[in-house]
Amino acid sequence: MQARSYLLSLLAGTVALYIPLIRDLHFESALLAGTVGAFWGGISAAAGGTRGRGDLKRTLSISGYLVLGGVPLLLNALVTGCYTVEGLGFWVFIPLPSTFFGAGIGRCMRELQLPFPRAGTVLLLVLVSTGVLLYEFLTLPKLYFFNHVWGYWPGPIYDEAVPFPLAMPAFRFLTLCWTVLLWLIPVLDRDTSYKWIAGLAVIGLLAGYAHLDKTRIITTSDLLQTYLGGERQTETARIFYDRDGYPEQEIDRITAEVDFYIREVKQALRIDEPDSTEKIELYLYADPWQKKELVGAKHTSYVTVWQRVPQIHIAGEQVDGSLKHEVVHAVTALLEWPGLLPNVGLTEGIAVALDPDRSPRSTIDQLVAAREPYPSAEEMAASLSYWGFYTGRSAVNYTTAGSFVRYLVETRPPEQFVKAYECGSVEQGYPEPFPQLIKGWHRRLDSVRVDSSDRQRARRIFGQLSIFEQPCPHKIAPPAKIFDRFLLSRARKDTNGAIAALAELKDMDPGQGTPLLLWMIWNLEAGNPGPVVNEPEPDSSRVEIHLLKADAYQMNQKPGSAQQHLARAMQLADERADTSFNEAFAFRLDSLQWSLYRQLRYRQQLLSPAEFETANYRIKMRAVGKALDVENAGLVTAYASELLQHPVELDFFDTFEAMIHRLAFQGGYELAAQWIEKLNRAKDLSLRYRERLDRQRAWLAYMETYH
């Protein structure tokens, strides 16, 4: 009998190897094992049988079977290189405590001779595993969850790196206290020592639950607001922001953008003004790492659409790329919809439709049109469903849903989409059958002009594997971890930390040129040409390395060596007939231009208007970007005015767009309008660029009217 149980455990673990994510020795499989262990241990203990040490022996046996079931996962992880210490940690802290917790409930039910002990045990475990989750999910802003039954959920699955949470030992201490208490309640009258142990468990529980927020087991809105420290209010939103992470001028701009986006979404969908007390809440974190620590989402921005007051959670550089997308979610969340969650395909589809930033160079319709055959009605129905949307490739589902919903909103009354959204079903919102709507969408895609660059972008975007397709979904290579440390240092303006991380990357794989390039750039921007000069002469054919060496020698007042590296760079480019570096060579061959370039890039000094006039075009555009970064309104205006005299180079469209946006915000309405018209007249302006230009035209009109 025991041998058969061992074989069944090994067989279950072997079957798990064929299930995406569950086959990984990580939190997903540990979560499943913990859930099985809690219910198995609880039902077995409630069923009766031997008492005392028999309960302990039976629970240990169940735990052993679970561990045995994890052996195939462990062996697979070791063989395939997917093993992680974090994954082992989850298996240590989840299945065993959960099994004993479930057994404690079952034993308590049995020993107290309560009616239907097994049914009661199952009911209580369901209440703990789902009821507590639903309460936290509906009332708290966080996306990570601890649970006595299934252990831990780290947050969005899009964040592939899942570190072992420091709060896990503290939470499992609470599980231990509950387990001890449940096991001792039936026998408190048998021994005084039991009462003392139970009393200590109660004290532990009281102390633990009094400090849930301090140990990061939970995060409340009040805690977030206190931690971030900054607050603004508008007619439509309450904004809480990291006081040390955002200058006041940037908060002024973000505040205006939020109101603008809310107004745009309401106009597009013809949504009536809601009650003035229903204000969207926006939480601005200093960087993704802070957001991960506080609410469990790192690179994923999100909106709590399931709560009465929707909250937007976004951080750092994510603001410029994702703010309108999240505002769409927040505004549509104020609509009425049945059930716990709205239709995810329509939810993400309308956000992409109204903020089509899947690619800076191609429209969402071009991306879908470039990827024939088009999704069929059956495929679209599947991708619009919750399971189909999240198990498929996110890039595919976001883009196709956005293109389809945009077709619906632009070709039919917006009220029909609102009805579909509120009902959670396209069929209930539109009079035409779903296949007929798909055919109309296909006809629209047929009329979209695409070229080879659109097809290339579509292949790249749609080719990204989903987390379910990756062989090691949570295995982060050592270089990636170090690079993440570099990004953290960069976000927190820790120059020494960034350089140290890049040095480690550079030394880890000397054959990789990119870490060396970044290390050289960061040293030069920190005003440290010495390490770059002293770096052993690179046996490299990369033009960029020799250009940076030339910059370093010039900064170190060694023009002879600088010219040698410049000559070598030019020779390498000539051998390959590579003309992409021609401008970089041109300004380095001009002492004045090279001086302006070094001043701007490495000494972090903005150009005066007079210096700007003498700079070449590429240096001018770098100066504009730098002025935008440091929020220098006066120089942005001066630079924009001078640039009007020059032809437009669309390679710098991103900088032009940011410049127009900032000019409109700071009151330079006439200059912003001139730039919009100048770009609008540019030859070969793509459809996507026209979309982006129209967005800035609307932003300018809003600023002129309301500010």
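See the structure printed just above.
Presented here is a report on the structure given in the accompanying data block. Here the structure is a predicted model, which means the values were calculated and not measured. (Residues numbered from 1 in each chain as written. Predicted model: local features only at pLDDT ≥ 70, side-chain atom pairs only at ≥ 80, totals over all residues. Heavy atoms only, no water.)

### Considering the overall build of the protein
In terms of regular secondary structure, the protein is built from 35 helices and seven strands. Considering only C-alpha atoms, the protein reaches an extent of 90 × 65 × 50 Å along its principal axes. Going through the 707 residues of the protein one by one, you find that 53% of them count as buried. Partitioning the intrachain contacts of the protein with sequence separation of at least 6 by distance along the chain shows that 69% fall at a separation of at least 24. Considering the protein, the positive charge centre built from 72 side chains and the negative charge centre built from 80 side chains are found 5 Å apart. (Helix = DSSP H or I, 4+ residues; strand = E, 2+ residues; numbered from the N terminus. Buried < 20%, exposed > 50% of the residue type's maximum accessible area, 1.4 Å probe, protein only. Contact = heavy atoms within 4.5 Å. Lys, Arg positive; Asp, Glu negative; His and termini not counted. Charge placed at Lys NZ, Arg CZ, Asp CG, Glu CD.)

### Focus: unusual backbone geometry
Geometrically, the link from Glu-372 to Pro-373 is a cis peptide bond, its omega value of 0° lying close to zero. Here Pro-373 lies in the loop between helix H14 (364-369) and helix H15 (377-384). Its identity as a non-glycine residue notwithstanding, Arg-216 has a phi of 65°, on the positive side. Note that Arg-216 resides in the loop between helix H8 (192-210) and helix H9 (221-228). In this structure, Glu-631 is a non-glycine residue whose phi angle is positive, near 60°. Here Glu-631 shows up in the loop between helix H31 (617-629) and helix H32 (633-643). For Glu-631, a relative accessible area of 14% translates into the label buried.

### A few points about the packing of aromatic side chains
Overall, the coordinates contain 31 aromatic pairs when judged by the stated rule. Aromatic pair Phe-93 and Phe-164: ring centres 5.4 Å apart, planes at 55°, arrangement tilted. Taken as a pair, Phe-93 in helix H4 (residues 85-93) and Phe-164 in the loop between strand E2 (151-153) and helix H7 (168-184) lie far apart in primary sequence, 71 residues in all. Taken together, Phe-27, Phe-90, Phe-93, Tyr-144, Phe-146, Tyr-152, Trp-153, Phe-164 and Phe-171 form an aromatic cluster joined through their ring pairs. Its end group placed over the ring of Tyr-144, Lys-142 keeps NZ or CZ at 4.7 Å from the ring centre. Taking the ring centre of Trp-519 as reference, the NZ or CZ of Lys-506 above it sits at 4.6 Å. (Phe/Tyr/Trp six-rings, centres within 6.5 Å; stacked < 30°, edge-to-face > 60°. Lys NZ or Arg CZ within 6 Å of the ring centre and 35° of its normal.)

### Some words on the state of the cysteines
Applying the stated criterion to the full structure yields one disulfide. Looking at Cys-108, it has no disulfide partner, and the nearest cysteine sulfur is the one in Cys-177, 16 Å off. Judged by relative accessible area, which is 9%, Cys-108 ranks as buried. (Disulfide = S-S within 2.5 Å.)

### Structural notes on a nonpolar patch on the surface
There is a patch of nonpolar side chains on the surface, built from Leu-7, Leu-10, Val-71, Leu-75 and Leu-78 and spanning about 430 Å² of accessible area. When contributions to the nonpolar patch are tallied by element, the ones reaching two or more residues are helix H1 (2-16) and helix H3 (53-80). It is H3 that contributes the most residues to the nonpolar patch, three residues altogether. Topologically, Leu-10 is positioned in helix H1. (Patch = residues over 30% accessible without salt bridge, like charges linked within 9 Å, V, L, I, M, F, W, Y side chains within 5 Å. Areas by Shrake-Rupley, 256 points an atom, 1.4 Å probe, with all protein chains shown as cover. Salt bridge = Lys/Arg side-chain N within 4 Å of Asp/Glu carboxyl O.)

### Focus: the packing of H15 against helix H20 (residues 434-446)
At their nearest, the axes of H15 and H20 sit 9 Å apart, and the two run at 105° to each other. By the angle class used here, H15 and H20 are roughly perpendicular. For the pair formed by H15 and H20, the contact residues are Ala-377, Met-380, Ala-381 and Leu-384 on the first element and Phe-434, Pro-435, Ile-438 and Trp-441 on the second. Residue composition of the contact of H15 with H20, grouped by class: eight nonpolar, no polar and no charged. (Axes fitted to C-alpha atoms, helices over the stretch in contact; angles between N-to-C directions. Parallel < 35°, antiparallel > 145°, perpendicular 65-115°, else oblique. Nonpolar A, V, L, I, M, F, W, Y, C, P; charged D, E, K, R; others polar.)

### Remarks on the side chain of Thr-121
Mapped onto the fold, Thr-121 is located in helix H6 (residues 117-139). Judged by its relative accessible area of 0%, Thr-121 falls in the buried class. In this structure Thr-121 touches Gly-42, Ile-43, Ala-46, Gly-102, Ile-105, Gly-106 and Met-109, once residues within four positions along its chain are discounted.

### Points about the nonpolar core
Grouped together as the largest cluster of nonpolar side chains are 164 residues, with contacts concentrated most on Leu-284, Phe-404 and Trp-675. It is helix H10 (residues 248-269) that provides the largest number of residues to this core, a total of nine residues. If near-sequence neighbours (up to four positions away) are discounted, Leu-284 is found in contact with Leu-228, Ile-239, Phe-240, Tyr-241, Asp-242, Tyr-246, Ile-251, Ile-254, Ile-314 and Val-319. In terms of nonpolar packing, the next biggest core, distinct from the first, is built from 32 residues, Ala-33, Tyr-144, Ile-217 and Ile-218 among them. (Core = buried A, V, L, I, M, F, W, Y, C linked by side-chain atoms within 4.5 Å.)

### Some details on helix H23 (residues 495-508)
Taking 1.5 Å per residue as the helical rise, H23 with its 14 residues ought to reach 20 Å, and the 20 Å between its terminal C-alpha atoms agrees with that figure. Turning to H23, its buried residues number three or more, namely Gly-497, Ala-498, Ile-499, Ala-501, Leu-502, Ala-503, Leu-505 and Lys-506. In this structure, the buried residues of H23 make contact with helix H22 (478-491) and helix H24 (513-525). (Expected span 1.5 Å × (residues − 1).)

### Examining the sheet that holds strand E7 (residues 311-315)
What the five strands build is an open sheet, ordered E3-E4-E5-E7-E6; its pairing is mixed. The outermost strands of the open sheet, each flanked by one partner alone, are strand E3 (229-233) and strand E6 (302-303). As paired elements, strand E5 (residues 280-285) and E7 share five bridges and run parallel to each other. Looking at the pairing, Glu-281 lines up with Gln-311 of E7. The sheet strands contacting helix H12 (residues 318-333) are E5, E6 and E7, and the helix crosses E7 at an angle near 170°. (Pairing = 2+ DSSP bridges.)

### Topic: the pattern of salt bridges
Scanning the entire structure with this criterion turns up 44 salt bridges. Taking the shortest distance from any N to any O, the salt bridge between Lys-324 and Glu-264 comes out at 2.8 Å. In this pair, Lys-324 sits in helix H12 while Glu-264 sits in helix H10, placing the two residues 60 residues apart along the sequence. Side by side, Lys-324 and Glu-264 carry an identical accessibility label, which is buried. A salt bridge links Lys-506 to Glu-535; the nearest nitrogen and oxygen atoms lie 3.4 Å apart.

### Some remarks on the pairing of E5
In terms of burial, E5 is largely enclosed, as six of its six residues are buried. Taking every second residue as pointing to the same face, both faces of E5 are buried, with Ile-280, Leu-282 and Leu-284 on one and Glu-281, Tyr-283 and Tyr-285 on the other.

### Focus on the side chain of Ser-383
Along the chain, Ser-383 turns up in helix H15. Given a relative accessible area of 8%, Ser-383 falls into the buried group. Here the side chain of Ser-383 touches Met-380 through a polar contact of 3.1 Å, landing on its backbone oxygen. Setting aside residues up to four positions removed in sequence, Ser-383 forms contacts with Gly-388, Phe-389 and Asn-397. (Polar contact = N/O pair within 3.5 Å; in protein donor to acceptor, adjacent residues only side chain to side chain.)

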